[in-house]
Amino acid sequence: MNNKLCKFINNNGTFSCVDLSNFQETYFPLANQKGIKSSITAQLKGDIKISNDKFLLPPITIPDIKNTKFSRNFWIHINNRKISWSASGVSSLPDKKFDKKTLEAGLLWHKIKIVNKKIGLQSEITNFVPAGNETLEIMLVKLTNITKKKMTITATSAIPLYGKSAENIRDHRHVTSLLNRAYLKKSGVVLKPTMVFNERGHSINKTSYFCFGFDANGNNPKHIICDLESFIGKNGDLEAPEAVLDNFIPKVNNIHGKEIIGSLRFQTTTIPPLQNKTYILLLGINEKNPSLSKIAKKYNNLNKVNSALEKNKKYWRNLSNIKFDLGEKNINNWLKWVNIQPVLRKIFGCSFLPHFDYGKGNRGWRDIWQDYLTLIINDSGKKNNLRKFITNSLSGIRIDGTNATIIAEDNTTFISDRNSIPRVWMDHGVWPFFTLLLYLNYTDDTEILFSQISYLNDGISKRAKLINPNPNIKKKLLNNKNSVHKATLLEHILLQHLVQFFNVGKHNNIKLEDADWNDGLDMAPEKGESVTFSSFYAYNLEKIANLLKYINTSKKIKTIKLTKEIIVLLDTITKPINYASVHEKNILLDKYLWATRERVSGTKIDITIEQIINDIIRKSSWIKKHIKNNELLKINNNVSIFNGYYDNKSKRVEGKKGSKINIILESQVFPLLTGLASRQESLKVIKTIDKYLHHNKTGTYKLNTDFIYPQIDLGRAFSFSYGEKENGSIFSHMNVIFAYALLKNSFNEKAWGILHGLYVLSTDYKTSKIFPNLPEYFNLEKKALYSYLTGSASWFIFVLLTEIFGIKGNFGSLEIKPKLCKKIFLNNLISVDFNFLNKKIKLSYNDKSTDKFKNEIISVISKPEINLTKTKERLFINKAALKGAPTDIKIDIAIR
């Protein structure tokens with residue numbers, strides 16, 4: 001970690017930055033669970049919103065951070081000297097060059113401090129979103145006179161109020177401003193446009209946007225200016241507004257139909273030497289018409305705001321039950337930020353921060369299942385909440401095995417696609433079961449598998465090949481009696497895998513369709529194939545079979561009711577086909593898709609668990625054998641790789657191409673994860689990855705080799721600049737999954753090297769140019785891009801907890817099977833605090849090795865003493881012993 005640029009100053013994740021020149025494009029999130037979403041920079045630029053259609057401040061993207069003049073500005077006019085100064089440092093005035101700015105921030109609050117000795121003032125501006133139910137951001141401005149003389153000042157806020165949709169930045173920007181109505185209140189200004197402008201259908205606006213202000217004692221501003229044009233004047237702008245520079249109140253005849261600003265001018269006051277004056281701004285959105293006066297009264301003096309700030313800090317500090325101690329302050333603090341990233345993505349979706357300018361809110365299908373890996377571990381004791389999420393989400397599966405690609409914040413509203421383009425990501429079927437299995441292992445809630453849930457019917461059928469523009473109003477699959485058809489959650493999971501087994505291309509691998517995990521492989525919808533995720537479907541089928549065996553033996557369940565039409569996909573039970581025949585597979589699937597395109601009969605048939613197990617094991621085994629026989633390529637005696645894809649001309653993508661070798665990282669990772677290769681084969685594949693994809697000495701890996709030319713028959717990714725995004729960058733998510741695959745194969749030290757490498761890249765602030773978090777990717781210059789809202793964070797915590805520390809559930813019992821190496825121990829002791837069901841557990845490992853580290857458990861001490869089983873590799877505490885144990889448990893393991 002580069003302490004010269006950014007350093008942690010306590011053990012709660014709080015950091016400070018003395019030199020901000022390296023963070024000119026760096027943004028920081030502020031939010032609460034109610035749904036207010038802010039981005040803020042060291043220049044107090046950024047935006048505030050609750051949805052894509054409701055922005056308080058103008059929307060901002062990466063280029064805007066340095067170039068826009070819109071900010072949360074706060075101006076000071078020094079009356080006796082007739083000079084003006086921006087307390088936030090956003091100014092074009094000559095005295096700005098004497099500003100010395102520093103930053104301090106924590107979970108989730110942001111403070112800048114500016115000292116200007118020439119002006120004689122110091123400002124401290126703290127921004128945060130209260131942890132309660134209000135949709136507002138609070139801005140606390142503290143001004144200190146650092147001279148030996150008293151100073152008379154007039155303070156004026158300058159907060160541009162946008163009050164409309166992000167779409168209106170270029171769609172009727174002026175026309176929508178004509179709808180603006182500004183209302184002056186004692187404490188500030190309220191913007192409430194008359195109408196929501198939408199040419200598909202206008203509607204009356206019911207949302208208010210406000211900027212209120214008070215001094216520390218609750219006194220209202222003396223004057224309010226709300227006309228932006230009058231505020232900046234004929235020759236001014238937001239970085240030199242004439243109303244501030246000339247210290248006057250402009251005369252405005254009409255405040256309607258204008259661009260609005262929250263310019264609140266406070267009573268002129270005198271600050272004695274070394275004393276301070278504090279102001280409060282409330283920047284908010286009032287969507288459901290609670291009393292604005294009540295909101296204002298709740299935060300209208302310094303004591304109330306300080307209390308709210310402390311509650312906010314405590315809320316975020318205590319949000320996660322997982323607390324790592326790896327023996328080093330910096331990595332411990334960094335992990336606190338990684339730990340809250342899944343919660344941030346739950347709030348923001350994949351949108352609403354400056355890099356994420358392509359979304360409109362909510363989360364993608366893949367995103368929710370990735371994020372819940374960590375959320376399940378955090379909240380395993382809150383089974384009802386998790387159960388509700390899982391059952392609601394799986395109702396987004398269609399009878400053709402596809403699913404809605406976007407799930408709204410309420411977790412019950414399904415959207416086919418953020419851009420209204422019916423598309424199918426072929427990997428979407430693997431993630432729900434992967435996450436569900438973690439839930440089952442942590443809770444033993446196998447009853448959830450037999451929950452009756454509906455199927456989505458939004459008019460998209462036959463895997464997006466048929467579109468009915470007028471689906472039934474319920475948007476749910478109906479039966480022949482026009483009733484909503486429900487089936488078990490287990491059937492939904494089975495269906496996603498069974499359909500894909502038959503959905504194969506020319507080379508008998510599952511079709512790529514519109515993309516898989518790699519969104520950049522989006523130009524091979526007709527003939528593309530994903531060997532990569534074919535292996536993951538095979539892996540899941542095997543795991544589903546194991547789950548069914550557990551249900552059969554432990555829960556004494558012998559049969560399962562399945563929707564009649566689905567039985568054809570269990571072909572070994574009905575009419576076995578030749579799996580080597582692409583034609584036979586496609587014919588069977590097409591028959592099923594036509595039979596279910598509009599509705600189902602509603603009839604259900606009892607099938608024995610044993611029959612299902614035998615069928616899906618046969619399917620899993622066939623896929624694995626097929627891939628190993630056809631896609632494990634021996635380039636030479638020392639180089640072996642898996643081909644992961646076929647393009648839209650049915651051509652193999654990877655392998656030797658003339659004098660060069662094309663390799664994609666995920667093509668190697670998933671076969672390794674799923675156990676397709678032998679130990680010797682795995683070593684050769686890993687050696688090849690090291691040779692062609694390893695990034696210098698960082699321990700991390702590039703996503704692919706340089707394919708040189710655009711691959712128009714495969715995807716957009718290869719048209720990006722090499723080393724950016726999905727074309728050869730150090731993609732955090734796939735690096736973490738690679739570490740997971742290595743751990744599954746007991747390459748512990750190499751896996752830790754990747755995880756630690758990502759930490760080093762993130763905290764080398766000179767090159768990463770971010771605040772502490774794990775970003776989506778690093779380019780080949782090691783610059784970090786797309787901060788906070790990434791599935792890699794959830795995976796990082798998941799892998800660190802369940803594999804490195806080895807904390808695994810086993811259907812409600814606790815299994816601890818570590819995958820440690822010597823390099824993890826920065827000193828001889830590491831630990832983690834976590835919850836398992838309703839128990840608070842502290843697990844510690846003490847390194848007792850004297851020579852080569854063997855990852856062997858020597859001894860265990862539990863307090864209180866618990867009945868457990870120990871081997872050299874693992875501990876096992878059955879659920880009965882756990883249930884009878886006290887709430888707080890401490891487990892100390894000596895290992896060598």
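Calculation rules
- Residues numbered from 1 in each chain as written.
- Predicted model: local features only at pLDDT ≥ 70, side-chain atom pairs only at ≥ 80, totals over all residues.
- Heavy atoms only, no water.
- Salt bridge = Lys/Arg side-chain N within 4 Å of Asp/Glu carboxyl O.
- Helix = DSSP H or I, 4+ residues; strand = E, 2+ residues; numbered from the N terminus.
- Buried < 20%, exposed > 50% of the residue type's maximum accessible area, 1.4 Å probe, protein only.
- Expected span 1.5 Å × (residues − 1).
- Bend = angle between axes of the 7 residues up to and from the residue.
- Polar contact = N/O pair within 3.5 Å; in protein donor to acceptor, adjacent residues only side chain to side chain.
- Pairing = 2+ DSSP bridges.
- Phe/Tyr/Trp six-rings, centres within 6.5 Å; stacked < 30°, edge-to-face > 60°.
- Lys NZ or Arg CZ within 6 Å of the ring centre and 35° of its normal.
- Core = buried A, V, L, I, M, F, W, Y, C linked by side-chain atoms within 4.5 Å.
- Axes fitted to C-alpha atoms, helices over the stretch in contact; angles between N-to-C directions.
- Parallel < 35°, antiparallel > 145°, perpendicular 65-115°, else oblique.
- Left-handed = near helix turned anticlockwise from the far one by under 90°.
- Contact = heavy atoms within 4.5 Å.
- Nonpolar A, V, L, I, M, F, W, Y, C, P; charged D, E, K, R; others polar.

Novice: Summarise the pattern of salt bridges; cite the residues concerned and give the values.
Specialist: The final tally for this structure, using the stated rule, is 41 salt bridges. Taking the shortest distance from any N to any O, the salt bridge between Lys619 and Asp615 comes out at 2.6 Å. Here the residue Lys619 and the residue Asp615 both occupy positions in helix α14 (residues 609–630), the gap between them amounting to four residues, near one helical turn. The same class applies to Lys619 as to Asp615, namely buried. The salt bridge partner of Lys750 is Asp690, with a shortest N-O separation of 2.9 Å.

Novice: Report on helix α7 (residues 329–348), specifying residues and quantitative values.
Specialist: Over its 20 residues, α7 runs 29 Å from end to end, which matches the ideal 28 Å to within 8%, given 1.5 Å per residue. Remark: the principal bend of α7, roughly 35°, maps to Gln341, with a proline, Pro342, within the next four residues. By the criterion of burial, α7 is predominantly enclosed, with 17 of the 20 residues buried. The N-cap residue of α7 is Glu328: its side-chain oxygen and the backbone nitrogen of Asn330 are 3.1 Å apart.

Novice: An account of the pairing of strand β13 (residues 151–161) is needed here, citing residue identities and associated values.
Specialist: Most of β13 sits inside the fold, with 10 of its 11 residues counted as buried. Two strands pair when backbone bridges link them, and strand β7 (residues 73–78) and β13 are joined in this way by six bridges, in the antiparallel orientation. By the bridge assignment, Ile76 is partnered in β13 with Ala155. Taken together, the three bridges between β13 and strand β21 (residues 269–271) define a ladder with antiparallel strand orientation. What sits directly across from Thr152, in β21, is Thr270.

Novice: Report on the packing of aromatic side chains, specifying residues and quantitative values.
Specialist: As enumerated under the stated definition, the model contains 50 aromatic pairs in all. Through pairs of rings, three or more aromatic residues link up here, namely Phe8, Phe15, Phe23, Tyr27, Phe28, Trp337, Tyr765, Phe771 and Tyr788. When the ring centre of Trp109 is taken as reference, the NZ or CZ atom of Lys313 above it lies at 4.2 Å. Sitting over the face of the ring of Phe747, Arg679 holds its NZ or CZ atom 4.0 Å from the ring centroid.

Novice: Provide a residue-level description of the nonpolar core, including the pertinent values.
Specialist: Counting 255 residues, the largest nonpolar core has Phe74 and Phe805 as the members making the most contacts within it. Looking at which element gives the most residues to this core, the answer is helix α12 (residues 531–554), with 13 residues. Ranked by size, the runner-up nonpolar core spans 18 residues in total, among them Trp109, Phe210, Phe214 and Ala308.

Novice: An account of the packing of helix α10 (residues 430–443) against helix α20 (residues 791–804) is needed here, citing residue identities and associated values.
Specialist: Orientation of α10 relative to α20, taken along the N-to-C sense of each, is 40°, at an axis distance of 14 Å. It follows that α10 is oblique to α20 by the angle criterion. When you trace α10 past α20, the crossing you get is left-handed. In this structure, α10 uses Trp431, Phe434, Leu438 and Tyr442 to contact α20, whose residues at the interface are Trp795, Phe798, Leu801 and Thr802. Of the residues that constitute the contact of α10 with α20, the class distribution is seven nonpolar, one polar and no charged.

Novice: Please give an account of unusual backbone geometry that cites residues and values.
Specialist: In the segment running from Leu107 into Leu108, the intervening peptide bond is cis, with an omega of -25°. With respect to the element layout, Leu108 can be found in the loop between β9 (100–106) and β10 (109–116). Here the residue pair Lys863 and Pro864 is connected by a cis peptide bond, since its omega of -5° sits within 30 degrees of zero. Along the chain, the position of Pro864 falls in the loop between β48 (857–863) and β49 (869–870). For Lys725, which is not glycine, the phi dihedral falls at a positive 50°. Residue Lys725 is classed as buried on the basis of its relative accessible area of 16%.

Novice: For the packing of α12 against α14, give the residues involved together with the corresponding values.
Specialist: Running from amino to carboxyl end, α12 crosses α14 at an angle of 155°, the nearest separation of the two axes being 9 Å. What the angle tells us is that α12 and α14 run roughly antiparallel. Of the two elements, α12 crosses α14, and the hand of that crossing is left-handed. For the pair α12 and α14, contact is made by Val531, Ser534, Ser535, Ala538, Leu541, Glu542, Ile544, Ala545, Leu548, Lys549, Ile551 and Asn552 and by Ile609, Ile612, Ile613, Ile616, Ile617, Lys619, Ser620, Ile623, Lys624 and Ile627, respectively. A per-class count over the contact of α12 with α14 returns 14 nonpolar, four polar and four charged.

Novice: If you had to explain the sheet that holds strand β45 (residues 813–816) to someone new, which residues and values would you point to?
Specialist: With respect to topology, four strands assemble into an open sheet ordered β44-β45-β50-β49, the strand pairing being antiparallel. Of all strands in the sheet, those bounded by a partner on one side alone are β44 (807–810) and β49. Relative to strand β50 (residues 875–877), β49 runs antiparallel, the two sharing two bridges. Bridging across to β50, Lys870 finds its partner in Leu875. Taken strand by strand, α10 contacts β44 and β45, and its axis lies near 80° from that of β44.

Novice: Lay out the side chain of Lys313 with the relevant residues and their values.
Specialist: Turning to its location among the elements, Lys313 is positioned in helix α6 (residues 302–317). Once residues lying within four places of it in the same chain are set aside, the contact partners of Lys313 are Leu107 and Trp109.

Novice: So, the sheet that holds β9: which residues are in play, and what are the values?
Specialist: Spatial strand order, β1-β2-β9-β10-β11-β12-β22-β18-β15-β14: 10 strands in an open sheet with antiparallel pairing. In the strand order of this sheet, the two ends are held by β1 (7–8) and β14 (182–185), each with one partner. Where β10 and strand β11 (residues 121–128) come together, eight bridges link them in antiparallel fashion. The residue of β11 that forms the bridge with Ile112 is Ile125. The sheet contacts of α6 involve β10, β11, β12 (136–145) and β22 (276–286), and relative to β11 the element is tilted by about 55°.

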